[in-house]
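Chains, contacts and geometry: an overview
Below are the chains, spelled out letter by letter.
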Amino acid sequence: MVLQNSVVRPEIDLEEQRLIVRQLRMELVQQYRAQLQASGEPPIRMMASIVQALERECAERHLDETAMRLEIVNRTIGDVNVRLISECDGEEGGPGDYRRLGDELGVALPGEDLQGYIATGKMYRWLRDQMQEAERLLLKNGFDPRSYDLATVGNPILRGWLAEDMQQWGLSVTAEHIAIGLGATDCMNKVLGGLGPLVRQGPGYVGAVLCPTPGFNILEAQALANGYRVRRIETRPEDCFKMTAGQLARALDEHADIKVIYLTVTSNPATFAYQPDELRELLDVLRLQRQRGRVVHLLADLAYVGTGIPAEDEARMRALTSASDIGDQLIYVSSFSKTHTLTGERFGWVTFGDTGLAARMVGSWINSVASMPGEWQLRLMAYYQLFRENPHLIEKIRRLYGLRRAQLREQLRRLDEQHQLFEHIYLDDDATIYNWSKLREGEDCFSVLEKTGIAGIPGSTFGYSDQYIRFSVGILPVVMD
């Protein structure tokens, strides 16, 4: 049990309350560290549990919210909460007032208080009007979103719009190449399920998925659930935690069961992005394998393509889509979650490089959702029009991410001077919503939380060493003490 549970006297000032939070933090970390050693529970769950326990304890003691915010900072998950944005660069209500994003994106309710900015609700209402217009458009074109969608992959108009967007990267695709899902993770699961019968090597044996580490671990869990084996490539700091063509070639030569390669073009958690020449070299490996009679699919996760510098994103995407001779092996997964701060809307889609492959995937959609929800499709059609008419919002989101990443790096640098926590605070490729850093010997995610109040995710969550830690800037702003 932590400190005696008594209500904090109102006359205790902020600094004294912060000391109380620090003491609570230290005792809870020690308690949970012992629990981890005994139970073997994943550290990511432990970190979330500690944060929740701290917040609960502070609330019961009626501690000032400012003391809590300064001493407990949840940087574990990659959620983007526009309601908590407090940054304002320049005049209130001006273009640098990032608090307005919740209002401008139609997330905030009319009259909602967004960190001191009162939402008009104009876009909230506009989205609902636009959904009505989208439904009229669909009915006019013979598609009723309130009826069973036999194709299961979404209405053809929305899929056509998304295909037009993918064409900007040099892909020659139409609505027939697109399938819509309930977020990127749902799309990836459907793809793995659909590929299974196509790559199956024998009864009960699907083959293997190759996953570079550190990487997005949900895909590994999905692969196992769909009957695949998981093969890993451990990337190296000197390669900026990116899989090299040499590593890929060796893995394919050593493991004949690899049928799918999972590649995050801009990495979560490591924050580095593949350069055009690196992507072309990886494609050359697949091309050589095909010449030898072996077809391996590349599942490219584009979740963070759009959070970086636009010209650089375009260059890497054009390199990735340039391999038209093996285009039927390439599958692209996209999402509005991080690039558009719409994590709760769960809007994702898959672009198949070949219409034949797309058609063979339909069974996986039928067996999972049976039919895409009509209201959900209308909502996302409205959002698509919002961003088409207001492209400046995407640039504003990128600027916010850049601001937060820079502030977090500076905050970590200051904390390192005080506590000697990090061996290396990595820069990034001006993309994602994360920081990936290497801890000094003897430090881990628990000691970082105990000393600084910042909760991050250990490297083992991503199939790597716990000497590394990932922090997210998505859910909370960076507050310098």
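Presented here is a report on the structure given in the accompanying data block. What you see is a predicted model; the values in this text were computed from it and never measured.

1. A short note on the overall build of the protein
Counting secondary structure elements, the protein contains 15 helices and 15 strands. Relative to the 2.2 N^0.38 estimate, which gives 23 Å for 481 residues, the radius of gyration of the protein is 24 Å and therefore close to what a compact globule would have. Structurally, the protein occupies a C-alpha span of about 70 × 55 × 40 Å along its principal axes. For the protein, the proportion of its 481 residues judged to be buried stands at 57%. Summed over its atoms, the accessible surface of the protein is roughly 20000 Å², and 49% of this surface lies on carbon and sulfur atoms.

2. Brief notes about the sheet that holds strand β11 (residues 422-425)
With respect to topology, four strands assemble into an open sheet ordered β11-β12-β15-β14, the strand pairing being antiparallel. Of all strands in the sheet, those bounded by a partner on one side alone are β11 and β14 (457-458). By the bridge criterion, three bridges tie β11 to strand β12 (residues 434-439) in an arrangement that is antiparallel. In the sheet register, Phe422 faces β12, and the bridge partner there is Leu439. Seen against the sheet, helix α14 (residues 392-419) touches β11, β12 and β15 (468-472) and runs at an angle of roughly 160° to β11. Contacts between helix α15 (residues 445-452) and the sheet are confined to β12, β14 and β15, with β15 contributing the most and set at about 50° to the helix.

3. Brief notes about the pattern of salt bridges
All chains considered together, the criterion is met by 38 salt bridges. In this structure, Arg99 engages Asp97 in a salt bridge whose closest nitrogen and oxygen atoms are separated by 2.8 Å. Asp97 carries the same exposure label as Arg99, and that label is buried. Of the charged contacts in the structure, one is a salt bridge between Asp313 and Arg316, with a shortest N-O distance of 2.7 Å. Taken together, the residues span about one helical turn, with Asp313 and Arg316 both in helix α11 (residues 310-320) at a distance of three residues.

4. With respect to the nonpolar core
What tends to happen in soluble globular proteins is that the nonpolar side chains get buried as a cluster. Among the nonpolar cores identified, the biggest contains 138 residues, and Leu320 and Phe352 are the most heavily contacted of them. Top contributing element to this core by residue count: helix α13 (residues 374-389), with nine residues. Here Phe352 is in contact with Val173, His177, Ala179, Val191, Leu330, Ile331, Leu357, Ala358, Met361 and Trp365, once residues within four sequence places are set aside. Within the second largest apolar cluster, nine residues are counted, among which are Tyr426, Ile457, Phe462 and Tyr468.

5. Focus: α13
Counted at 1.5 Å a residue, the expected span for α13 with its 16 residues is 22 Å, and the 23 Å between its end C-alpha atoms agrees. Of all 16 residues that make up α13, 13 are buried, and the element is covered over most of its length.

6. Details of the side chain of Gln130
With respect to the helices and strands, Gln130 occurs in helix α5 (residues 122-140). When its relative accessible area of 18% is taken as the criterion, Gln130 is described as buried. With near-sequence residues (within four places) excluded, Gln130 lies in contact with Ala382 and Gln385.

7. Observations concerning the pairing of β12
Among the six residues of β12, six are classified as buried, and the element is accordingly described as predominantly covered. Going residue by residue along β12, you find Tyr434, Trp436 and Lys438 tucked away on one face and Asn435, Ser437 and Leu439 tucked away on the opposite face as well.

8. A closer look at helix α10 (residues 276-291)
For α10, with 16 residues, the first-to-last C-alpha span of 23 Å sits near the 22 Å given by 1.5 Å per residue. Within the span of α10, buried status applies to Pro276, Leu279, Leu282, Leu283, Val285, Leu286 and Gln289. Those residues of α10 that are buried lie in contact with α9 (245-254), β7 (258-264), β8 (297-301), α11 and β9 (330-335). Gly293, located one to two residues past α10, shows a positive phi value of around 95°.

9. Notes on the environment of Leu109
For Leu109, the location among the structural elements is in the loop between α4 (101-104) and β2 (113-114). Assessed through its relative accessible area of 41%, Leu109 is described here as partly exposed. Counting along the chain gives 14 residues from Leu109 to Met123, while the straight-line C-alpha distance between them is 9.3 Å. Setting aside its immediate chain neighbours within four residues, Leu109 contacts Arg83, Ala119 and Tyr124.

10. Here we look at the packing of aromatic side chains
Enumeration over the complete set of coordinates arrives at 20 aromatic pairs. Aromatic side chains Tyr383 and Phe387 sit 6.2 Å apart centroid to centroid with 20° between the ring planes, which places their arrangement in the stacked category. Of this pair, Tyr383 and Phe387 both sit in helix α13, four residues apart, which is roughly one turn of the helix. Under the relative-accessibility criterion, Phe387 is labelled buried at 7%. Taken together, the aromatic side chains of Phe241, Phe272, Tyr426, Trp436, Phe462, Tyr464 and Tyr468 make up a single cluster linked through ring pairs. Over the ring of Tyr124 we find Arg128; its NZ or CZ atom is 3.7 Å from the centre of that ring. A cation over an aromatic ring shows up here: Lys242 above the ring of Tyr274, its NZ or CZ 6.0 Å from the ring centre.

11. A short note on unusual backbone geometry
A cis geometry characterises the amide bond from Thr213 onward to Pro214, with omega recorded as 0°. By the secondary structure assignment, Pro214 is in the loop between β5 (208-213) and α8 (217-225). Of the consecutive residues Asn268 and Pro269, the connecting peptide bond is found in the cis state with omega at 20°. Inspection of the secondary structure assignment puts Pro269 in the loop between β7 and α10. In this structure, Arg346 is a non-glycine residue whose phi angle is positive, near 55°. Mapped onto the elements, Arg346 comes out in the loop between β9 and β10 (348-352). Given a relative accessible area of 29%, Arg346 falls into the partly exposed group. One non-glycine residue, Gln420, lies in positive phi territory at about 50°. Mapping Gln420 onto the fold places it in the loop between α14 and β11.

Cut-offs and rules
Residues numbered from 1 in each chain as written. Predicted model: local features only at pLDDT ≥ 70, side-chain atom pairs only at ≥ 80, totals over all residues. Heavy atoms only, no water. Helix = DSSP H or I, 4+ residues; strand = E, 2+ residues; numbered from the N terminus. Rg over C-alpha atoms; globule rule 2.2 N^0.38 Å. Buried < 20%, exposed > 50% of the residue type's maximum accessible area, 1.4 Å probe, protein only. Areas by Shrake-Rupley, 256 points an atom, 1.4 Å probe, with all protein chains shown as cover. Pairing = 2+ DSSP bridges. Contact = heavy atoms within 4.5 Å. Axes fitted to C-alpha atoms, helices over the stretch in contact; angles between N-to-C directions. Salt bridge = Lys/Arg side-chain N within 4 Å of Asp/Glu carboxyl O. Core = buried A, V, L, I, M, F, W, Y, C linked by side-chain atoms within 4.5 Å. Expected span 1.5 Å × (residues − 1). Phe/Tyr/Trp six-rings, centres within 6.5 Å; stacked < 30°, edge-to-face > 60°. Lys NZ or Arg CZ within 6 Å of the ring centre and 35° of its normal.

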